[in-house]
Amino acid sequence: MGKRFKKITGYIAFVLIIAMLGVFMGRWSAEGVRLEGETYESLKIFTEVFSLIQKNYVEEANSKELLRGAIKGMLNSLDPHSSFMTPEQYKEMQVDTKGEFGGIGIQIGVKDSHLTVIAPIEGTPADRAGIKAGDRIVKINGEPTKDMSLQDAVGKMRGSKGTSVTITIIREGITEPKDFTMVRDIIKIKSVRSKMLEDGIGYIRVSQFQEQTGSDLAEALKGLEKENAHSLVLDLRNNPGGLLNIAVEVTGEFIPPGKLVVFIKGRNGEKSEYVTDAKRPYYNLPMIVLVNEGSASASEIVAGAVQDWGRSIVLGTQTFGKGSVQTVIPLSDGSGLRLTTAKYFTPKGNSIQNTGITPDIIVKVKGIKTQPREKDLDHHLTNEQKKDADIKKKLPEEEVSAGVEDKEGKEDIQLQRAIDVLKGWKVFKGIQSKS
């Protein structure tokens, strides 16, 4: 299904591009001549500047880097999600969507200007070697990491299974930097985690939508079913999205076959609809979907679909509001183009762009600052259904103070509220059956 979908998606993207060109050339032929002249003049200025830089810049300029910089600037002027990827970045993007790669298994970030371990992934070479959250990585294979980008650091630590890499870390309590030499292995990023909560409530956390997410979710549901789960919490908080076809596949686990999940519209207004697969089963358990401002794109597709079909209660805070579709196009030199080609809409025809999904039950966590959303990004696309002034109106928010604790001992107020609602659901159902 995945390969077939990719082919179909590629074909749709191709048709959309041709259709866009057809509309421009057919309806605006007179304007086209004028615009063509303007484009020619702009390109003439571009070549003049390019030539001046090559001849007169104080140091010798790399022509390839100059052109790539110009391409990046061109795409950055469109919207926040269209971008140019170098060959290395394009390969990295493909690895991320597959969910597995050769490496040592650590999540890294930059803290106080230092390359820092966020967490080792359980069961990986880094975990077995004793790498800990908070470790500062000062060298990779003897090369200092000062001023090294995250992308470069990740690239140096990833590699073929069986090869080795040495990282030098500084840790609180250790007086001297310490070397850790590890043998790379195949690292699989699990995007789905599940467990049983109290009172027969199943819990599934989906962290992103990658190639294996649909099949992993199906396995998790079967496992919870064997443990006699009578209701379900689907946690999509801080899920940035991922593959559109996987969002449709995930939704198909929860609503009947043949139902519309999402439709997209390109510049010419033509619709492409995505429906649940008739071959997939669906689980009819009472369900709460948890979302927050970090739930974006594919997460919003799932939340919007189950909400529109009345299949689930959505609980949390307003979602991010990314209602656009990006088509990834490979280029001849191995680089790639991520181009916004359409906007998507919920089954009831609501645009999510800038607005996001409004939960049925709004629960704000005390002490958590409001994070930037799509509407706060430069060059964001507009929502043709709502004005920016209406979108910026503050929604009513409920604040609560009691919650269950997560594995780090922190209170999870939104999850507690979901549990309370599902418990009430069970009690109410029991009362109904007695009447």
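Refer to the structure above for everything that follows.
Residues take numbers from 1 onward in each chain, read along the sequence in its written order. Owing to the predicted nature of the model, reporting of local features is limited to residues with pLDDT of at least 70; listing and counting of side-chain atom pairs is limited to 80 or more, with chain, interface and lining totals taken over all residues. Calculation of side-chain values draws on the structure's entire complement of heavy atoms; hydrogens and water are dropped beforehand.

We define a salt bridge as a side-chain nitrogen of Lys or Arg found within 4 Å of a carboxyl oxygen belonging to Asp or Glu. Under the counting rule described, the total for this entry stands at nine salt bridges. With a shortest N-O distance of 2.3 Å, Glu92 and Arg158 are connected by a salt bridge. Of this pair, Glu92 sits in helix 4 (residues 87-98) while Arg158 sits in the loop between helix 6 (150-157) and strand 7 (164-170), placing them 66 residues apart in sequence. Close ionic contact of Asp412 with Arg237 constitutes a salt bridge, the shortest N to O distance being 2.8 Å. With Asp412 in strand 22 (residues 411-412) and Arg237 in the loop between strand 12 (231-235) and helix 8 (244-251), this residue pair connects regions lying 175 residues apart in the sequence. For the exposure calls, accessible area comes from a 1.4 Å probe over protein chains only, and a residue counts as buried if that area is under 20% of its type's maximum, exposed if over 50%, partly exposed in between. Residue class for Arg237 comes out buried when judged on its relative accessible area of 10%. Counting from the N terminus, the helices are the DSSP runs of H or I reaching at least four residues and the strands are the DSSP runs of E reaching at least two.

Turning next to the packing of helix 8 against helix 9 (residues 298-308). Angular values range over 0 to 180 degrees, each being the angle between N-to-C directions of two axes fitted as lines to C-alpha atoms, with helices fitted over their stretch in contact. Two numbers describe how helix 8 lies on helix 9: the axes approach to 9 Å, and their chain directions differ by 30 degrees. By the angle between their axes, helix 8 is roughly parallel relative to helix 9. In this structure, helix 8 meets helix 9 at a crossing whose hand is right-handed. Residues Leu244, Ala247, Val250 and Thr251 of helix 8 touch helix 9, and the partners they reach there are Ala298, Ile301, Val302 and Ala305. Nonpolar residues are Ala, Val, Leu, Ile, Met, Phe, Trp, Tyr, Cys and Pro. Charged residues are Asp, Glu, Lys and Arg, and all others, Gly as well, are polar. Of the residues in the contact of helix 8 with helix 9, the class split is seven nonpolar, one polar and no charged. Just so you know how the angles are binned, under 35 degrees is roughly parallel, over 145 roughly antiparallel, 65 to 115 roughly perpendicular, and the rest oblique. Put simply, a crossing is left-handed when the front helix is turned counterclockwise from the back one by less than a right angle, and right-handed when it is turned clockwise. By definition in these notes, contact holds between two residues if any of their heavy atoms fall within 4.5 Å.

Let's shift gears to the packing of aromatic side chains. Centre distance within 6.5 Å is the pairing criterion for rings of Phe, Tyr and Trp, where only the six-membered ring of Trp is used; planes under 30 degrees apart are then read as stacked, over 60 as edge-to-face, and the remainder as tilted. One pass over the full model with this rule turns up two aromatic pairs. Pairing Phe46 with Phe50 gives two aromatic rings, centres 6.4 Å apart and planes at 20 degrees, and the pair type is stacked. Taken as a pair, Phe46 and Phe50 lie in helix 2 (residues 29-56) at a separation of four residues, close to a single helical turn. Judged by its relative accessible area of 35%, Phe46 is partly exposed. Look at Phe263 and Phe345: their rings are 5.2 Å apart centre to centre, the planes differ by 10 degrees, and that puts the pair in the stacked class. Of the two residues, Phe263 sits in strand 13 (residues 260-265) while Phe345 sits in strand 18 (residues 336-345), which places them 82 residues apart along the sequence. By relative accessible area, which is 3% here, Phe345 ends up buried.

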